[in-house]
Amino acid sequence: MQKDEQILEISNLNVSVNNKIIIKDLNLSIKRGEIHAIMGKNGSGKSTLAKVISGHPLYQVDKGKIFFNNKDITYEEPDFRAHAGIFLGFQYPVEVPGVSNIDFLRSAYNSKKHQIGEETLDPLAFFELVSKEIQKVNINSTFLNRSLNEGFSGGEKKKNEILQMSVLQSELCILDEIDSGLDVDALKDISKSINTFHNSQNSIVLITHYQKLIDYIQPDYVHIMHKGNIKISGDKNLALQIDKYGYDNFV
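- Named according to an unreviewed UniProt entry, the protein is Probable ATP-dependent transporter ycf16 originating from Polysiphonia elongata.

Brief notes about the overall build of the protein
(1) Moving on: Counting secondary structure elements, the protein contains eight helices and twelve strands.
(2) Moving on: Since a compact globule built from 251 residues should have a radius of gyration of about 18 Å, the 18 Å found for the protein is in line with a globular shape.
(3) Moving on: Taking the principal axes of the C-alpha coordinates as reference, the protein spans close to 55 × 40 × 40 Å.
(4) Moving on: Classification of the 251 residues of the protein by burial places 50% in the buried group.
(5) Moving on: Summarising the internal contacts of the protein: among those between residues at least 6 apart in sequence, 69% fall at separations of at least 24.
(6) Moving on: Counting only carbon and sulfur atoms, one obtains 48% of the accessible surface of the protein, whose full area is about 12300 Å².
(7) Moving on: On the protein, the mean spot of the 28 positive side-chain charges and the mean spot of the 32 negative ones are 5 Å from each other.

Re the packing of helix α3 (residues 101-115) against helix α4 (residues 123-137)
(1) Moving on: Taken N-terminus to C-terminus, the directions of α3 and α4 make an angle of 100 degrees; their axes are 11 Å apart at the nearest point. In terms of axis orientation, α3 runs roughly perpendicular to α4. Where α3 approaches α4, its residues Ile102, Leu105, Arg106 and Tyr109 are matched on the opposing element by Pro123, Phe126, Phe127, Leu129 and Val130.

A few points about the side chain of Glu177
(1) Moving on: For Glu177, the position within the fold is in the loop between β9 (172-176) and α6 (184-197).
(2) Moving on: A polar side-chain atom of Glu177 sits 3.3 Å from a polar atom in the side chain of His209.
(3) Moving on: Excluding anything up to four places from it in sequence, Glu177 contacts Gln91, Lys158, Ile207 and His209.

Points about the sheet that holds strand β1 (residues 6-17)
(1) Moving on: Read across the open sheet, the four strands follow the order β2-β1-β4-β5; overall the sheet is antiparallel. In this open sheet, the two edge strands, each paired with only one partner strand, are β2 (20-31) and β5 (71-72).
(2) Moving on: Pairing analysis gives eight bridges linking β1 to β2, with the strands arranged antiparallel. Pairing of Ile10 across the sheet is with Leu28, part of β2.
(3) Moving on: Packed on one face of the sheet, helix α1 (residues 46-54) meets β1, β2 and β4 (60-68) and runs near 115 degrees to β1.

What to know about α3
(1) Moving on: End to end, α3 covers 21 Å across 15 residues, agreeing with the expected 21 Å (1.5 Å per residue, within 8%).
(2) Moving on: Of all the residues in α3, the buried ones are Asn101, Ile102, Leu105, Tyr109, Asn110, Lys112 and Lys113. One side of α3 holds all its buried residues, which, seen down the axis, span an arc of 160 degrees.
(3) Moving on: On its buried face, α3 sits against α2 (78-84), β7 (96-100), α4, β8 (147-148) and α5 (154-168).

Details of the packing of aromatic side chains
(1) Moving on: By the definition in use, this model includes two aromatic pairs.
(2) Moving on: Look at Phe143 and Phe152: their rings are 5.0 Å apart centre to centre, the planes differ by 80 degrees, and that puts the pair in the edge-to-face class.
(3) Moving on: Between the NZ or CZ atom of Arg146 and the centre of the ring of Phe143, over which it lies, the distance is 4.8 Å.

Here we look at the sheet that holds strand β12 (residues 229-234)
(1) Moving on: One open sheet holds the six strands; their spatial order is β6-β9-β10-β3-β11-β12, and the pairing between them is mixed. On the outer flanks of this sheet lie β6 (86-89) and β12, each paired with one strand and no other. Neighbour-to-neighbour, the strand axes of this sheet turn through a mean angle of 20 degrees, independent of strand direction.
(2) Moving on: Across the face of the sheet, helix α8 (residues 236-245) comes into contact with β3 (35-39), β11 (221-226) and β12 while running at roughly 45 degrees to β11.

Re unusual backbone geometry
(1) Moving on: One non-glycine residue, Asn70, lies in the positive phi region at around 70 degrees.
(2) Moving on: Along the chain, the position of Asn70 falls in the loop between β4 and β5.
(3) Moving on: In this structure, Gln218 takes a positive phi of about 60 degrees despite not being glycine.
(4) Moving on: Looking at the element boundaries, Gln218 is found in the loop between α7 (211-217) and β11.
(5) Moving on: By relative accessible area, Gln218 is classed as partly exposed at 37%.

Some points on the UniProt feature "domain: ABC transporter" (unreviewed entry) in the protein
(1) Moving on: Under the UniProt annotation, "domain: ABC transporter" (unreviewed entry) lies at residues 8-251.
(2) Moving on: In this annotation, residues 8-251 is assigned 38% helix and 29% strand; the end-to-end C-alpha distance for the span is 25 Å.

Rules used throughout
- Residues numbered from 1 in each chain as written.
- Predicted model: local features only at pLDDT ≥ 70, side-chain atom pairs only at ≥ 80, totals over all residues.
- Heavy atoms only, no water.
- Helix = DSSP H or I, 4+ residues; strand = E, 2+ residues; numbered from the N terminus.
- Rg over C-alpha atoms; globule rule 2.2 N^0.38 Å.
- Buried < 20%, exposed > 50% of the residue type's maximum accessible area, 1.4 Å probe, protein only.
- Contact = heavy atoms within 4.5 Å.
- Areas by Shrake-Rupley, 256 points an atom, 1.4 Å probe, with all protein chains shown as cover.
- Lys, Arg positive; Asp, Glu negative; His and termini not counted.
- Charge placed at Lys NZ, Arg CZ, Asp CG, Glu CD.
- Axes fitted to C-alpha atoms, helices over the stretch in contact; angles between N-to-C directions.
- Parallel < 35°, antiparallel > 145°, perpendicular 65-115°, else oblique.
- Polar contact = N/O pair within 3.5 Å; in protein donor to acceptor, adjacent residues only side chain to side chain.
- Pairing = 2+ DSSP bridges.
- Expected span 1.5 Å × (residues − 1).
- Arc of directions from axis to C-beta.
- Phe/Tyr/Trp six-rings, centres within 6.5 Å; stacked < 30°, edge-to-face > 60°.
- Lys NZ or Arg CZ within 6 Å of the ring centre and 35° of its normal.
- UniProt positions renumbered as here; feature names shortened; annotations may be inferred.

Dropping the structure here:
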């Protein structure tokens, strides 16, 4: 796959939930290797867009199309999209008592490999793989044997999301407010891990309210959402203007 080829194409997307329109006539194109940041006030539709791309069943696509790697995934199931290479990092990762982190990671990894016809890994081989990945994310190896996210701090939960993304080698990574609830040091750490993961073969979508994350990750494009649509797009300097003047001056 070549850098600069289209990885995500959203055309005239209209989405509703409980007969209420949330997203209206939205268009977005993302090429392989790009980082896009989506900003906007609460209720502007940012998180809804992330969930719709990943296939959340609560939201109804009334009109429009979503293409991933030139394949129409508009009505595909979430597991199909995940196996195809789409990853959604949650703002509030769920705790799963009784399921160890390493068992969860191995199940997700092997499920994806099985679906695409590649070799799965036994526990020992997978441990070798994940041991390399945790070093990139700066997670202590003891976290692998703890229950998934149970008792984790906010920063640890977000690191765990990045670890999942890295282990699965996802092609399109949508990170919904990955900076939420993080102190300055944790934000720097998370940003460094995202930058380490990013390369010419994957693309990242950052959903955020804050300029600081954009300072650390440096997106190619910044989009401002308002009332379910992208109202204005620009480079990273657009985020600086938003930080200085607020959203109302742009929407």
